[in-house]
Amino acid sequence: MTRPQLLIDTDPGVDDALAILMAHAQADVAGLSVAAGNVGLEHTVRNARVLVDLLGARIPVFPGCATPLVRLPEEDAAFVHGRDGFGDVGFAVPAGQVADEAAALALLRLTRERPGELTLVALAPLTNLALALRLDPALPARVKRLVVMGGAVTGQGNTGRIPAEFNIGFDPEAAHVVFEAFGDFDLVDWELTLRHAFDESEFDAWLAAGDARARFYGSICQVARKTNRERGRRGIIAADALAMAVAIDPSVVVRSERRAVAVELDGRLTRGATVVDWAGRLGRPANANVVLELDQERFAAMVRRALGAA
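Rules used in this analysis
- Each chain carries its own residue numbering, running from 1 in the direction its sequence is written.
- Given that this is a predicted model, residues contribute local features only at a pLDDT of at least 70 and side-chain atom pairs are listed and counted only at 80 or more, while totals for whole chains, interfaces and linings are drawn from all residues.
- Neither water nor hydrogens contribute to the side-chain values; these are computed over all heavy atoms in the structure.
- Working definition: helices are DSSP H or I runs of at least four residues, strands are E runs of at least two. Numbering for both runs from the N terminus.
- For the radius of gyration, the atom set is restricted to C-alpha positions; the globular benchmark scales as 2.2 Å times the number of residues to the power 0.38.
- Each residue gets one of three labels from its accessible area relative to the maximum for its type: buried under 20%, exposed over 50%, partly exposed in between, using a 1.4 Å probe on protein chains only.
- Calculation of accessible area relied on Shrake-Rupley with a 1.4 Å probe; when residues are assessed, cover is drawn exclusively from the protein chains displayed.
- By the counting scheme adopted, Arg and Lys are positive, Glu and Asp are negative, and His together with the chain ends is not counted.
- Charge coordinates come from a single atom per side chain, which is NZ of Lys, CZ of Arg, CG of Asp or CD of Glu.
- Only the six-membered ring of Trp is used, alongside the rings of Phe and Tyr, when aromatic pairs are assigned; centres must lie within 6.5 Å, and planes under 30 degrees apart are stacked while those over 60 apart are edge-to-face, with the rest tilted.
- What makes a nonpolar core is a set of buried Ala, Val, Leu, Ile, Met, Phe, Trp, Tyr and Cys residues whose side-chain atoms join them at distances within 4.5 Å.
- Should any heavy atoms of two residues lie within 4.5 Å, those residues are counted as being in contact.
- Salt bridges are defined by distance alone: a side-chain nitrogen of Lys or Arg within 4 Å of a carboxyl oxygen of Asp or Glu.
- When DSSP finds at least two bridges between two strands, those strands are taken to pair.
- A fitted line through C-alpha atoms represents every axis, and for helices the fit uses only the stretch in contact; the resulting angles, taken between N-to-C directions, go from 0 to 180 degrees.
- Viewed with both strands pointing away, a crossover whose connecting path from the first strand over the helix to the second turns clockwise is right-handed.
- When describing relative orientation, an angle under 35 degrees is termed roughly parallel and one over 145 degrees roughly antiparallel, while 65 to 115 degrees is termed roughly perpendicular and anything else oblique.
- Each helix crossing is assigned a hand: it is left-handed if the near helix lies turned anticlockwise from the far helix by less than a right angle, otherwise right-handed if that turn is clockwise.
- Ten residue types, Ala, Val, Leu, Ile, Met, Phe, Trp, Tyr, Cys and Pro, are classed as nonpolar, four, Asp, Glu, Lys and Arg, as charged, and the remainder, Gly among them, as polar.

Q: Hey, could you go over the overall build of the protein for me, with residue numbers and the actual values?
A: Across its full length, the protein carries 14 helices and ten strands. In terms of C-alpha radius of gyration, the protein reaches 18 Å, essentially the compact-globule figure of 19 Å for 310 residues. Dimensions of the protein, computed from the C-alpha atoms along their principal axes, are close to 50 × 45 × 40 Å. Counting across all 310 residues of the protein, residues that qualify as buried make up 59%. Working note: accessible area of the protein is about 12,700 Å², and carbon and sulfur atoms make up 51% of it. Of the side-chain charges in the protein, 33 are positive and 40 negative, and the distance between the mean point of each set is 1 Å.

Now the structure itself:
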């Protein structure tokens, strides 16, 4: 079976790390374009380099946007991921270098060099992708697929503005640009990740059975696990890993619905909310394949393989 060809936009981030481990184990990765999001850009770029070092891979890391397109962010996710984004473990300075090319320009160049070949996996706020689209609106025609981890399709988000999910809420203008530009993308939302969380004891068994990748992931996820327990969230929530599963193997999707999806930009309480036209009232063309259910066993198998526990 031909390995998927991926281009990953990311803000590592604990769950980004698991997704990238999955990608390396089961696909070919053309590059990591990095944005600020879970933590600041200095940390997310460093964390991407840490991952590349861990994997012994030759994956270029392209630094991207340090801030959203328009407004400064109201919050980051350091309280979940640790101040450095990787659980404040304190890894040594990575040996891998940063590419001398901005993320948005790298997205454009790589898709021009490989038109129709690359699946773009968007795990971060969509700032880099929106900037690339403003530079070249023809980008969607060169992308094989776009998979977005973001949104909360019935308004049960995870930010201070209740309906908004973090990635979309961090840079709503960027999400608006992307959702308007792409006529067909897969949307893996926050609510889906809650429904597909892993049992903690089962996940601990995978970590114990795994290799250096499992030891690494077990070390960086402790702050996130503690925070989720304190917030009443059950199980191991692996949002970006779920989106990566869809990117690697689309047949893992059991149920989905095509709907028009837009982003609220102005609401005092709803800015950053993903608005899904479930009843087709707006007369707008459907732009998103909203994923509603995955094959949990196949998802679990992909995660175990990424941790060396298969």
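Q: Before we move on, can you summarise the packing of aromatic side chains with the specific residues and values?
A: What the rule picks out here adds up to ten aromatic pairs. Each ring, one from F198 and one from F203, has its centre 6.2 Å from the other, and the planes form 20°; the classification is stacked. As far as burial versus exposure is concerned, F198 and F203 are alike and both buried. Connected via pairs of aromatic rings, a cluster forms that spans F198, F203, W206, Y217 and F299.

Q: How would you sum up the nonpolar core? Please name residues and give values.
A: In this structure, M22, L32, Y217, M244 and L307 are the most contacted members of the largest nonpolar core, which totals 62 residues. Among the elements that line this core, the one with the most residues is helix α13 (residues 239–248), at nine residues. Among all residues touching L307, those that are not within four sequence positions of it are L18, L21, F203, W206, L207, G210, D211, R213, A214 and Y217. Counting residues in hydrophobic clusters, the runner-up holds 38 residues, among them L7, L139, A175 and L292.

Q: How would you explain the environment of R233 if you had to name every residue and give the values?
A: Following the sequence through the fold, R233 ends up in the loop between α12 (222–230) and α13. The sequence separation of R233 and V177 amounts to 56 residues, and the corresponding C-alpha distance is 31 Å. Setting aside its immediate chain neighbours within four residues, R233 contacts N158, W190 and N228.

Q: Residue-level account of the pattern of salt bridges, with values.
A: Proximity of charged atoms lets side chains of opposite charge pair with each other. Under the counting rule described, the total for this entry stands at 19 salt bridges. A salt bridge links R112 to D136; the shortest N-O distance between them is 3.0 Å. With R112 in helix α4 (residues 103–113) and D136 in the loop between α5 (127–135) and α6 (139–142), the pair connects residues that are 24 residues apart, well separated along the chain. With a relative accessible area of 48%, R112 lands in the partly exposed category. Two residues, D249 and R298, come together in a salt bridge whose shortest N-O distance is 2.4 Å. Residue D249 is found in the loop between α13 and β7 (253–259), and its partner R298 is found in helix α14 (residues 296–306); the two are separated by 49 residues along the sequence. For D249, a relative accessible area of 18% corresponds to the buried category.

Q: Could you give an account of the side chain of N38, with specific residues and numbers?
A: As for its position among the elements, N38 is in the loop between β2 (28–34) and α2 (41–55). Look past the residues within four positions of N38 in its chain and what remains in contact with it is D11, G13, D15, D16, D76, A77, A78, H81 and F166.

Q: Account for helix α11 (residues 212–220), naming residues and giving values.
A: Note: α-helices contain 3.6 residues per turn, so residues at a spacing of three or four share the same orientation. Buried within α11 are the following residues: R213, A214, F216, Y217, G218 and I220. Those residues of α11 that are buried are in contact with α1 (14–26), α2, α10 (200–209), α12 and α14.

Q: Tell me about α13, and please be specific about residues and values.
A: The buried fraction of α13 amounts to ten of the ten residues, a majority that puts the element mostly inside the structure. Buried within α13 are the following residues: A239, D240, A241, L242, A243, M244, A245, V246, A247 and I248.

Q: Quick one: what's the story with the sheet that holds strand β5 (residues 145–149), residue by residue and with numbers?
A: An order of β3-β2-β1-β4-β5-β6-β10-β7 is seen for the eight strands of this open sheet, with the pairing classed as mixed. In the strand order of this sheet, the two ends are held by β3 (61–63) and β7, each with one partner. Across the sheet, the mean angle separating the axes of adjacent strands is 25° when strand polarity is ignored. Taken together, the four bridges between strand β1 (residues 5–10) and strand β4 (residues 119–122) define a ladder with parallel strand orientation. Across the sheet, residue D9 finds its bridge partner in β4, namely A122.

Q: Talk me through the pairing of β1; I want residue IDs and the actual numbers.
A: Judged by how many residues are buried, β1 sits mostly within the fold: five of six residues are covered. Crossover handedness for the path β1 to α1 to β2: right-handed.

Q: Can you tell me about the packing of α1 against α13, naming the residues and giving the values?
A: Where α1 contacts α13, the two axes come as close as 7 Å, and the packing angle between them is 25°. In terms of their interaxial angle, α1 and α13 are classed as roughly parallel. When the axes of α1 and α13 are compared, the crossing they make is right-handed. The segment α1 lies against α13, with D15, D16, L18, A19, M22, A23 and Q26 engaging A239, D240, A241, M244, A245 and I248. By residue class, the composition of the contact of α1 with α13 is nine nonpolar, one polar and three charged.

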